[in-house]
Amino acid sequence: MNTQITIKGKRLGIQLSRRAEQALSQRQTPLITEMELYFSCLVRKQVRFHDGADNLPGESVAVNDRLRVRFRPVMTQSCQVDEIAGKAPPLTDFPVVNAAAFVPHWLRIDYKNGQWEGAFGYC
């Protein structure tokens, strides 16, 4: 499936593999797909999947009745070596003035070996 939605006023192309479409069709609750853009010592992109989580901060956009997508820029309060050593520091939402400038152009979702996989990008 290839489709587009609008997040924060910007178009996002979404591509789901056939395996992902099949796994979504089996769900009773929506899958929340979060594109996290992490600002700290380095910039990191990560796709996180949440099962019907209504308590997440920020808004998500419905792709269909079984898939919702959200974009979340986050940051740490300081840059520490512990982050690089694998310890996850507490995150806070990043107050981006023009969030549309950071919304990715595309999101790809797959389902392999019982696990959701995702990637997003800007080109």
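Counting restarts for each chain: residues are numbered from 1 in the order of the written sequence. Owing to the predicted nature of the model, reporting of local features is limited to residues with pLDDT of at least 70; listing and counting of side-chain atom pairs is limited to 80 or more, with chain, interface and lining totals taken over all residues. Derived side-chain values reflect all non-hydrogen atoms in the structure, with water molecules and hydrogen atoms excluded from consideration.

Q: Just to check I follow, could you spell out the nonpolar core for this structure?
A: Most often, soluble globular proteins keep nonpolar side chains buried together rather than apart. Core analysis: the biggest nonpolar cluster contains 22 residues, and Ile7, Leu12, Ile14, Met35, Val69 and Leu107 have the highest contact counts within it. Elements supplying a minimum of two residues to this core: β1 (2-7), β2 (10-16), α1 (18-25), β3 (31-39), β6 (67-75), β8 (106-112) and β9 (115-121). Residue contacts for Leu12: discarding those within four places in its chain leaves Thr3, Gln4, Ile5, Ile7, Met35, Val69, Pro104, His105, Trp106 and Leu107. Buried Ala, Val, Leu, Ile, Met, Phe, Trp, Tyr and Cys residues form a nonpolar core when they are joined through side-chain atoms within 4.5 Å. When accessible area is computed with a 1.4 Å probe and restricted to protein chains, residues below 20% of their type maximum are described as buried, those above 50% as exposed, and intermediate ones as partly exposed. Put simply, DSSP marks the helices as runs of H or I at least four residues long and the strands as runs of E at least two long, and each gets a number from the N terminus on. Should any heavy atoms of two residues lie within 4.5 Å, those residues are counted as being in contact.

Q: What should I look at first to understand the pattern of salt bridges in this one?
A: Two side chains of opposite charge can pair, provided their charged atoms sit close to one another. One speaks of a salt bridge when a side-chain nitrogen belonging to Lys or Arg is within 4 Å of a carboxyl oxygen belonging to Asp or Glu. A complete count under the given rule lists 7 salt bridges for this structure. Across the pair Arg19 and Asp110 runs a salt bridge, and its minimum N-O distance is 2.6 Å. Of this pair, Arg19 sits in helix α1 while Asp110 sits in strand β8, and the two are 91 residues apart along the sequence. Notably, a salt bridge pairs Asp110 with Lys112, separated by 3.9 Å at the nearest N-O pair. On the basis of relative accessibility, which here comes to 34%, the residue Lys112 falls in the partly exposed class.

Q: Explain the packing of aromatic side chains to me, please; I cannot follow it from the model alone.
A: Where two aromatic rings form a pair, the distance of their centres and the angle of their planes describe that pair. To pair, rings of Phe, Tyr and Trp, with the six-membered ring standing in for Trp, must have centres within 6.5 Å; the planes then decide the type, stacked if under 30 degrees apart, edge-to-face if over 60, and tilted in the middle. Going through the model one piece at a time under the given rule, you end up with 4 aromatic pairs. An aromatic cluster is built from Phe49, Tyr111 and Trp116, whose rings are joined through pairwise contacts. Residue placement shows Lys45 over the ring face of Phe120; its charged tip is 5.5 Å from the ring centre. Only Lys NZ and Arg CZ are tested; either one counts as a charge over a ring when it is within 6 Å of the ring centre and within 35 degrees of the ring normal.

Q: Sorry if this is basic, but what is going on with unusual backbone geometry here?
A: Among all residues except glycine, the phi angle is most often negative; among peptide bonds, the trans geometry is most common. Although it is not a glycine, Lys8 sits at a positive phi angle of roughly 55°. Secondary-structure assignment places Lys8 in the loop between β1 and β2. Here Asn113, not a glycine, exhibits a phi torsion of approximately 50°, which is positive. Residue placement: Asn113 occurs in the loop between β8 and β9.

Q: Looking at this structure, how should I read α1?
A: Each α-helix turn comprises 3.6 residues. Residues three or four places apart therefore point the same way. Within α1 the residues assigned to the buried category are Ala20, Ala23 and Leu24. All buried residues of α1 fall inside an arc of 100° around its axis, so they share one side. The exposed set on the far side of α1, more than 90 degrees from its buried face, consists of Arg18 and Gln22. Where α1 is buried, its residues touch β2, β3, β6, β8 and β9. Comment: arc refers to directions from the helix axis out to C-beta atoms.

Q: Looking at this structure, how should I read the environment of Arg108?
A: Mapping Arg108 onto the fold places it in strand β8. Since its relative accessible area comes to 43%, Arg108 is described here as partly exposed. Spatially, the C-alpha atoms of Arg108 and Ala20 are 9.8 Å apart, while their sequence positions differ by 88 residues. Once residues lying within four places of it in the same chain are set aside, the contact partners of Arg108 are Gln15, Glu117, Gly118 and Ala119. Among the polar contacts listed, one links the side chain of Arg108 to the side chain of Gln15, at a separation of 3.0 Å. Any pair of N or O atoms that falls within 3.5 Å is considered a polar contact. Within protein, one atom must be able to donate a hydrogen and the other to accept it, and sequence-neighbouring residues count only if both atoms are side-chain atoms.

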